[in-house]
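Observations on chain architecture
One letter stands for each residue in the lines below.
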Amino acid sequence: MTQEAEANLEKVNNQIISEFSKTLEMFSLNKTEAQLFVTLYLHEAPMTLDEMKDALGKSKTAMSYAIRRLQEFSLVERVWQKGVRKDLYEAREDLYKKFMKTYVNRWLESLNLQISNLEDIQEDLDRYPHEQKKLFEHKIHDAISFHRSLEDVFTKIKKNDFL
């Protein structure tokens, strides 16, 4: 392959990584995590941390942190190859299902936390005089209702096995 052809392929690869990673960032991955996932997804073989570092031009520490986060979300897995002493990682293949499951679960966890925090605030209102309390009761009730509506939507998505 000529140098020009290699340069063109590298350019296309970088464009794919850039555009695909922008989508993944919408799923609450940071830029490095998203770029690393796309790099692993596009790569034909599992990669070591050193290979990832070289591919993205980032530090080995950054790659180690990003790979751990991607493992937490079950988006990558460590694999074994005979004769290779370093850890190897590859992207899991079922993108839609993995990302949607991760995204829905993160939303549900966040919503549960927010509802709990709002309910705590609502309970704290009992300590204030009635006229001050009245100002916030309606707003907190609406905020909790909004969060519960979102929770219902994400729970239905999860239950209907769209994932």
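Refer to the structure printed above.
Note that the structure is predicted; figures quoted are calculated from it, not measured.

1. Remarks on unusual backbone geometry
The phi angle at Ser 74 is positive, at roughly 60°, despite the residue not being glycine. As for its placement among the helices and strands, Ser 74 is situated in the loop between helix H4 (60-72) and strand E1 (76-79).

2. A short note on the packing of helix H1 (residues 3-25) against helix H2 (residues 31-42)
Packing of H1 against H2 leaves a shortest axis separation of 8 Å and a crossing angle of 125°. Between H1 and H2, the crossing angle belongs to the class labelled oblique. The handedness of the crossing between H1 and H2 comes out as right-handed. Touching Asn 13, Ile 16, Ile 17, Phe 20, Ser 21, Leu 24 and Glu 25 of H1 are Lys 31, Ala 34, Gln 35, Phe 37, Val 38, Thr 39, Tyr 41 and Leu 42, all from H2. Its residues assigned to classes, the contact of H1 with H2 shows 9 nonpolar, 4 polar and 2 charged.

3. What to know about the side chain of Ser 21
Within the fold, Ser 21 resides in helix H1. Within polar-contact distance, the side chain of Ser 21 engages the backbone oxygen of Ile 17 at 2.7 Å.

Calculation notes
- Residues numbered from 1 in each chain as written.
- Predicted model: local features only at pLDDT ≥ 70, side-chain atom pairs only at ≥ 80, totals over all residues.
- Heavy atoms only, no water.
- Helix = DSSP H or I, 4+ residues; strand = E, 2+ residues; numbered from the N terminus.
- Axes fitted to C-alpha atoms, helices over the stretch in contact; angles between N-to-C directions.
- Parallel < 35°, antiparallel > 145°, perpendicular 65-115°, else oblique.
- Left-handed = near helix turned anticlockwise from the far one by under 90°.
- Contact = heavy atoms within 4.5 Å.
- Nonpolar A, V, L, I, M, F, W, Y, C, P; charged D, E, K, R; others polar.
- Polar contact = N/O pair within 3.5 Å; in protein donor to acceptor, adjacent residues only side chain to side chain.

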